[in-house]
Number of protein chains: 2
Amino acid sequence: MRPENIDVTGLPPRPSPDHSDCRAVASVLARVGDKWSVFVIMMLIDGPKRFNELKRMINGISQRMLTLTLRGLERDGLVTRTVFPTIPPRVDYELTDLGRGLAEPVKALGQWAFTHLPEIEGARNDFDTRNAE
Amino acid sequence: MRPENIDVTGLPPRPSPDHSDCRAVASVLARVGDKWSVFVIMMLIDGPKRFNELKRMINGISQRMLTLTLRGLERDGLVTRTVFPTIPPRVDYELTDLGRGLAEPVKALGQWAFTHLPEIEGARNDFDTRNAE
DNA sequence: CTGTATCCGACGTGATACTG
DNA sequence: CAGTATCACGTCGGATACAG
């Protein structure tokens, strides 16, 4: 079950494509698409940040969601978590090389979204008013 | 409430950044991140497709989800829906110019995900076994 | 400061049945 | 063929309280 046998890589057709890769690619896309990951990545681009520092920068994120988001990014090897056993405790989060690599295509996507925002919002308005009354 | 005042465009700092754009960019990212949109876009890159044609190509998608995904893409102006009032009915879905434009950064992201799959899966395994017992 | 634990409502997704 | 309607379930996310 679920999306198999689909090539979303845009890569030229390979001789013996491994179709199971599709699910895995989708899982990476899902991380990018989740509500907060991209924001956290963007915040970390210009250097490591502390937990509450991130929380303050990302307006509206809850403590719980920041924790979960950071755990997810850490699990995928995109972010490192270093604990300084001081009192009070201090924890720094920093992008890995992998994370910095991911930031590039993500920024490209963000730029596209930003430049085409008017068209998309226009299309949404048109669609909504068409299906209004 | 919610992610405001955050620049996820990666654009060089502008004089008077419009912070409300952030939410809108996030909504585009959310579309890319949802479970099926990217697959549909990829399927439509090389020409228009019919409803059931898409359903067959995307292994595992339900009729309901295909409908909802296509509606969402149509609403955002990424896909056109043309009905041929024949019997039986025939409906073609096709990428708009906007949709084809979006496909580019999405493909870039897909390529990145594909090439770095081993590192990510490795990191996930490491993380999971570290936090196992 | 940096989390974890718990509760709860909202939403996304799938399965199934039905319609024009 | 191309949907819509309904239900059922699981996950996501926010709020709050508490801990090391």
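Residues numbered from 1 in each chain as written. Chains lettered and ligands numbered in written order. Predicted model: local features only at pLDDT ≥ 70, side-chain atom pairs only at ≥ 80, totals over all residues. Heavy atoms only, no water.

**What to know about the relation of the copies chain B and chain A**
Here is step 1 of the chain: If you rotate chain B by 180° and push it 0.0 Å along the axis, it lands on chain A with an RMSD of 0.0 Å. Such a combination of rotation and displacement between the chain copies is what one expects of a two-fold axis. Across chain B, the smallest distance between a C-alpha and the rotation axis is recorded for B:G33, namely 1.7 Å. (Least-squares fit on C-alpha atoms with pLDDT ≥ 70 in both.)

**Brief notes about the packing of helix α2 (residues 37-44) of chain B against helix α4 (residues 63-75) of chain B**
Residues and elements named next belong to chain B.
Here is step 1 of the chain: At a minimum axis distance of 10 Å, the contact between α2 and α4 shows a crossing angle of 75°. Between α2 and α4, the crossing angle belongs to the class labelled roughly perpendicular. Facing S37, V40 and I41 of α2, the residues of α4 in contact are L66, T69, L70 and L73.
Here is step 2 of the chain: Looking at side-chain class alone, the contact of α2 with α4 contains five nonpolar, two polar and no charged residues. (Axes fitted to C-alpha atoms, helices over the stretch in contact; angles between N-to-C directions. Helix = DSSP H or I, 4+ residues; strand = E, 2+ residues; numbered from the N terminus. Parallel < 35°, antiparallel > 145°, perpendicular 65-115°, else oblique. Contact = heavy atoms within 4.5 Å. Nonpolar A, V, L, I, M, F, W, Y, C, P; charged D, E, K, R; others polar.)

**Regarding the sheet that holds strand β1 (residues 49-50) of chain A**
All names here are of chain A.
Here is step 1 of the chain: As summarised here, the arrangement of the three strands in space is β1-β3-β2, forming an open sheet in which the pairing is antiparallel. Pairing within the sheet leaves two strands with one partner each, and these edge strands are β1 and β2 (79-84).
Here is step 2 of the chain: Where β2 lies against strand β3 (residues 90-95), six bridges are found, and the strand directions are antiparallel. Considered in β3, the bridge of F84 is made with R90.
Here is step 3 of the chain: Where helix α2 (residues 37-44) meets the sheet, its contacts fall on β1, β2 and β3, and the angle it forms with β3 comes to roughly 95°. (Pairing = 2+ DSSP bridges.)

**As for the pairing of strand β3 (residues 90-95) of chain B**
Residues and elements named next belong to chain B.
Here is step 1 of the chain: Pairing between strand β1 (residues 49-50) and β3: two bridges, direction antiparallel. Bridged to R50 within β3 is D92.
Here is step 2 of the chain: Between strand β2 (residues 79-84) and β3, which follow one another and run antiparallel, lie five residues.

**Observations regarding the sheet that holds β2(B)**
All names here are of chain B.
Here is step 1 of the chain: Pairing is antiparallel across the open sheet formed by three strands, whose spatial order is β1-β3-β2. Each edge of the open sheet is held by one strand with a lone partner, namely β1 and β2.
Here is step 2 of the chain: Running at roughly 95° to β3, α2 makes contact with β1, β2 and β3 of the sheet.
Here is step 3 of the chain: In this fold α4 packs onto β2 and β3, with an angle of close to 115° to the strand it touches most, β2.

**Structural notes on the UniProt feature "domain: HTH hxlR-type" (unreviewed entry) in chain A**
Here is step 1 of the chain: The UniProt entry lists residues 22-121 of chain A under the feature "domain: HTH hxlR-type" (unreviewed entry), expressed in the numbering used here.
Here is step 2 of the chain: Within the segment residues 22-121 of chain A, helix and strand shares are 64% and 14% respectively, and the terminal C-alpha atoms sit 30 Å apart. (UniProt positions renumbered as here; feature names shortened; annotations may be inferred.)

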